[in-house]
Amino acid sequence: IKKQVTNLSIGDARISDLSELKGLDNLQYLYLRHNHIGDLSPLASLQRLQNVHLGLNQISDLRPLVRLTQLQKLELGTNKISDISPLVNLPKLKDLRLYNNSIKDLVPLSALTQLEHLELNANKIDDLRPLANFRKLKFLNVSSNQFNDLSPISTLTQLEGLAVAFSPMVKD
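Quantities reported herein were computed from a predicted structural model and do not represent experimental measurements. Residue positions within a chain follow its written sequence, with the count starting from 1. Local features in this predicted model are restricted to residues whose pLDDT is 70 or higher, and side-chain atom pairs enter the listing and the counts only when it is 80 or higher, whereas totals over whole chains, interfaces and linings include all residues. As a rule here, side-chain values cover all heavy atoms of the structure and leave hydrogens and water aside.

Caption draft 1: A look at the overall build of the protein. Helix and strand content of the protein: zero helices and eight strands. Secondary structure of the protein in N-to-C order comes out as β-β-β-β-β-β-β-β. Taking 16 Å as the expected radius of gyration for a compact globule of 172 residues, we find that the protein reaches 16 Å, a close match to that expectation. By definition, residues are in contact when any of their heavy atoms lie within 4.5 Å. Once local pairs closer than 6 in sequence are excluded, the contacts in the protein between residues at least 24 apart make up 11%. Summing over all exposed atoms, the protein offers an accessible surface of approximately 8600 Å²; the carbon and sulfur share of this is 47%. With 20 positive and 17 negative side-chain charges, the protein shows a separation of 5 Å between the mean positions of the two kinds. A run of H or I in DSSP counts as a helix once it spans at least four residues, and a run of E counts as a strand once it spans at least two, with each numbered from the N terminus. Only C-alpha atoms enter the radius of gyration; for comparison, a globular chain is expected to reach 2.2 Å times N to the power 0.38, where N is the number of residues. Each accessible area is a Shrake-Rupley result for a 1.4 Å probe, and residues are judged covered by the shown protein chains and nothing else. Just so you know, the count uses Lys and Arg for positive and Asp and Glu for negative, and it drops His and the chain ends. For charged residues, the charge sits on one atom: NZ in Lys, CZ in Arg, CG in Asp, CD in Glu.

Caption draft 2: Main features of unusual backbone geometry. With a phi angle near 55°, Asn100 is a residue other than glycine that sits in the positive phi range. Along the chain, Asn100 falls in the loop between β5 (95-97) and β6 (117-119).

Caption draft 3: Main features of the side chain of His53. Locating His53 in the fold gives a position in strand β3 (residues 51-53). Throughout this description, buried means an accessible area under 20% of the type-specific maximum (1.4 Å probe, protein chains only), exposed means over 50%, and partly exposed covers the range between. Judged by its relative accessible area of 10%, His53 is buried. Here the side chain of His53 touches Asn51 through a polar contact of 2.8 Å, side chain to side chain. Not counting chain neighbours up to four residues away, the residues in contact with His53 comprise Tyr29, Leu30, Tyr31, Leu32, Arg33, Lys73 and Glu75. In protein, a polar contact requires one atom able to donate a hydrogen and another able to accept it; more generally it is a pair of N or O atoms within 3.5 Å, and residues adjacent in sequence count only if both atoms are side-chain atoms.

Caption draft 4: Summary view of the sheet that holds β3. Read across the sheet, eight strands follow the order β1-β2-β3-β4-β5-β6-β7-β8 without closing on themselves; strand pairing throughout is parallel. Strands with a single pairing partner mark the edges of an open sheet, and in this sheet they are β1 (7-9) and β8 (161-163). Neighbour-to-neighbour, the strand axes of the sheet open up by a mean angle of 5°, direction not taken into account. Here strand β2 (residues 29-31) runs beside β3; their pairing, made up of three bridges, is parallel. Bridged to Leu30 within β3 is Val52. Here, strands pair whenever DSSP counts at least two bridges between them. Here an axis means a line fitted to C-alpha atoms, over the contact stretch when the element is a helix, while the angle between two N-to-C directions is reported on a 0 to 180 degree scale.

Caption draft 5: Inspection of the pattern of salt bridges at higher detail. What counts as a salt bridge is simple: a side-chain nitrogen of Lys or Arg found within 4 Å of a carboxyl oxygen of Asp or Glu. Tallying each qualifying case throughout the model produces seven salt bridges. Linking Arg97 and Asp95 is a salt bridge whose minimum nitrogen-to-oxygen distance equals 2.7 Å. Exposure class is identical for Arg97 and Asp95. Each is buried. The network of salt bridges with common partners includes Asp95, Arg97 and Glu119.

Caption draft 6: A look at the environment of Leu76. With respect to the helices, strands and loops of the structure, Leu76 is situated in the loop between β4 (73-75) and β5. Residues Leu76 and Asn57 lie 19 residues apart in sequence; the distance between their C-alpha atoms is 8.2 Å. For Leu76, the residues in contact, after removing those within four places along its chain, are Leu54, Gly55, Ile59, Leu62, Leu65, Ile81, Arg97, Leu98, Tyr99 and Asn101.

Caption draft 7: Main features of the environment of Ile10. As for its placement among the helices and strands, Ile10 is situated in the loop between β1 and β2. Sequence-distant contacts of Ile10, that is, excluding residues within four places in its chain, are made with Ile15, Tyr31, Leu32, Arg33 and Asn35.

Caption draft 8: Structural view of the environment of Phe166. The residue Phe166 is located in the segment after β8 in this model. The sequence separation of Phe166 and Ile103 amounts to 63 residues, and the corresponding C-alpha distance is 16 Å.

Caption draft 9: Just the side chain of Asn57, in detail. Assignment of secondary structure puts Asn57 in the loop between β3 and β4. Within polar-contact distance, the side chain of Asn57 engages the backbone nitrogen of His36 at 3.3 Å. At a separation of 3.1 Å, a polar atom in the side chain of Asn57 contacts the main-chain carbonyl oxygen of Gly55.

In structure tokens:
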């Protein structure tokens, strides 16, 4: 049965061990929000994954995701992530949600030029320059961060939605 499964949804189930996912080689959609997951290494072999939801977990290490080059949507909000450099090799990402983490450095994202939706709210970002070449970006949320200059994203001509509330440059 493992070879036939393409979609798996196990949210809010207090799961911490993903080892049972090994062998789900045809998995394309994975929903594991609101669990107790910290170790993503069992996902490393699931190279057909396209849509992954891992918000509200205990994740800090993204290295197991480096070979998941088919990913188009990745949701990792409300985790313990500070290093996003493993995401640099995910060229098909169109939708990336990294809200409510401890991210400061956005340079690793600069290669992800296919992004259309990006949520970085509630992090520690003080420089938006790495986002300047996201020509396809339609929605950006950088609220509750530490930057004070929006000019780096003034070149984003496809932008339809922008959220910047609760940042130093935004006055009451």
